[in-house]
Amino acid sequence: MEVYRMKLLKTKIIEEGTVLSDQVLKVDAFLNHQVDPALMMEIGKAFVERFQDTPITKVLTLESSGIAPSVMTALLLGVPLIFARKRKSLTLTENLLVHQVQSFTKMETVEVAVAQKFIAPGEQVLIIDDFLAHGEAALGLAHIVEQAQGKVAGIGIVIEKSFQQGHRKLEEAGYRVESLARVASLADGKVQFVEAASTVLH
Ligand code: 5GP
C-alpha cells in the first residue's frame, strides 16, 4: 500500500507540479493553495504506516501549508493537531513557546509560536511539514517541542528536496526523518526522484 501511495504522490508532482527554478518546486494545484483531500488522506495513511512503531500523542506543523496533510494524519492517529503560528497574532495571548525560523521561500526570518498549554511535558510529538529544504522550519518546531519538555517522535515530510541539506541536518541533530517523496534534482525544469522514475503511475 505504501508503494501505491507514494506513486500517487509522485505522479501528482510530475503532472501538476511546476519547477520554478532548480531550487524551488511549486505544488499549488494540490497542496499549497488548492488542496486534493483524497491525496492528503493517502499522505496521512503513509505517515501513520511509517511511524506505526512510535508512540505519538500530538501532531505539530507550521501554518498554512502543513495543515492539510497533518490534519489527516492526526485524524487517523486519533490525536490533536497543533499548527504553529507564523506571527504573534492578537489572539495569541497565552504563554508562548517561540522560535525564530529562517524562511526558505520568503527569504526572511519569521517568528513561529505555539501556546505553551498545548504541549505538556512528556508529550510525544510528530512534526509534519509540506517541504524539507534546509531544515530550518522542522528544527524550529523541534526546538519548540523541546522547550516544552516534550519529545520529538519523528519528522514526517511530504516532499523532501534531497539535494538540499535539510535531511542530513535533521538526522545529525538526532531526529528520525521520514520523507514520502524525495526529489533528487529540479535541474532543467524537470523533477527527478531519488528512487527510479518507473515508480511513477501513468
Ligand atoms: P526549510 O525550513 O527546510 O529550509 O524549508 C521548508 C519550508 O519552506 C517549508 O515549510 C515550505 O513551506 C517552504 N519550502 C521550502 N522549499 C520549498 C519549495 O520548493 N516549494 C514550496 N512550495 N515551499 C518550499
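A quick note: this is a predicted structure, and the numbers were derived from the prediction, not measured.

Draft legend 1. Highlighting helix 1 (residues 2-16). Spanning 15 residues, helix 1 covers 21 Å between terminal C-alpha atoms, matching the ideal 21 Å at 1.5 Å per step. Every buried residue belonging to helix 1 is among Arg5, Met6, Leu9, Lys10, Thr11, Lys12 and Ile13, and all of these are buried. Buried residues along helix 1 sit against strand 2 (25-26), helix 2 (37-50), strand 8 (151-161), strand 9 (177-185) and strand 10 (192-193).

Draft legend 2. Representation of the sheet that holds strand 4 (residues 81-84) in the model. Reading across the sheet, the six strands line up as 4-3-7-8-9-10 and stay open at both edges, with mixed pairing between neighbours. In the strand order of this sheet, the two ends are held by strand 4 and strand 10, each with one partner. Taken strand by strand, helix 3 (residues 67-77) contacts strand 3 (58-62), strand 4, strand 7 (124-132) and strand 8, and its axis lies near 180° from that of strand 3. Against the sheet, helix 4 (residues 136-147) engages strand 3, strand 4, strand 7 and strand 8, with an angle of about 165° to strand 7.

Draft legend 3. Seen up close, the site of the ligand. Around the ligand sit 16 residues, and of these Leu25, Asp129, His134, Gly135 and Lys161 come closest. Between the ligand and the protein, one listed contact pairs a nitrogen atom with a side-chain N or O atom of Asn32 at 3.0 Å. Relative to its unbound accessible area of 500 Å², the ligand is 90% covered by the protein chains. Of all the cavities here, the one that holds the ligand is the largest pocket. For the shell around the ligand, the secondary-structure elements that each account for two or more residues are strand 7 and helix 4. Considering each element in turn, the shell around the ligand owes the most residues, four residues, to strand 7. Its residues placed into classes, the shell around the ligand shows seven nonpolar, five polar and four charged.

Draft legend 4. Representation of the nonpolar core in the model. Leu9, Ile13, Leu25, Ile43 and Ile159 are the most contacted members of the largest nonpolar core, which has 31 residues in total. Residue assignment for this core shows that the elements contributing at least two residues are helix 1, helix 2, helix 3, strand 7, strand 8 and strand 9. The element best represented in this core is helix 2, accounting for five residues. Apart from the residues within four sequence positions on either side, Ile43 is in contact with Leu9, Pro69, Val158 and Leu180. Among the nonpolar cores identified, the runner-up in size contains 26 residues, and Val114, Ala137, Leu141 and Tyr175 belong to it.

Draft legend 5. Up close: the layout of surface pockets. Taken as a whole, the largest pocket holds about 710 Å³ of empty space. Of all the secondary structure elements, the ones that give two or more residues to the lining of the largest pocket are strand 2, strand 5 (96-102), strand 7, helix 4 and strand 8. With four residues, strand 7 is the single largest residue contributor to the lining of the largest pocket. The residue makeup of the lining of the largest pocket, split by class, is 15 nonpolar, nine polar and nine charged.

Draft legend 6. Structural view of the pattern of salt bridges. Applying the stated criterion across every chain yields a total of 15 salt bridges. With a closest N to O distance of 2.7 Å, Glu42 and Arg5 form a salt bridge. With Glu42 in helix 2 and Arg5 in helix 1, the pair connects residues that are 37 residues apart, well separated along the chain. A relative accessible area of 16% means that Glu42 is categorised as buried. A relative accessible area of 6% means that Arg5 is categorised as buried. Ionic pairing is found between Lys26 and Asp28, a salt bridge with its closest N-O pair at 3.7 Å. Its relative accessible area of 34% is what places Lys26 among the partly exposed residues. For Asp28, a relative accessible area of 27% puts it in the partly exposed group.

Analysis parameters
- Residues numbered from 1 in each chain as written.
- Predicted model: local features only at pLDDT ≥ 70, side-chain atom pairs only at ≥ 80, totals over all residues.
- Heavy atoms only, no water.
- Helix = DSSP H or I, 4+ residues; strand = E, 2+ residues; numbered from the N terminus.
- Expected span 1.5 Å × (residues − 1).
- Buried < 20%, exposed > 50% of the residue type's maximum accessible area, 1.4 Å probe, protein only.
- Contact = heavy atoms within 4.5 Å.
- Pairing = 2+ DSSP bridges.
- Axes fitted to C-alpha atoms, helices over the stretch in contact; angles between N-to-C directions.
- Near = heavy atom within 4 Å.
- Polar contact = N/O pair within 3.5 Å; in protein donor to acceptor, adjacent residues only side chain to side chain.
- Areas by Shrake-Rupley, 256 points an atom, 1.4 Å probe, with all protein chains shown as cover.
- 1 Å grid on protein atoms, 1.4 Å probe; cavity = no way out; pocket = protein on both sides within 12 Å on 5 of 7 lines; lining within 4 Å.
- Sits in = over half its atoms within 2 Å of the grid points.
- Nonpolar A, V, L, I, M, F, W, Y, C, P; charged D, E, K, R; others polar.
- Core = buried A, V, L, I, M, F, W, Y, C linked by side-chain atoms within 4.5 Å.
- Points joined across faces, edges and corners; volume = space filled by probe spheres on them.
- Salt bridge = Lys/Arg side-chain N within 4 Å of Asp/Glu carboxyl O.

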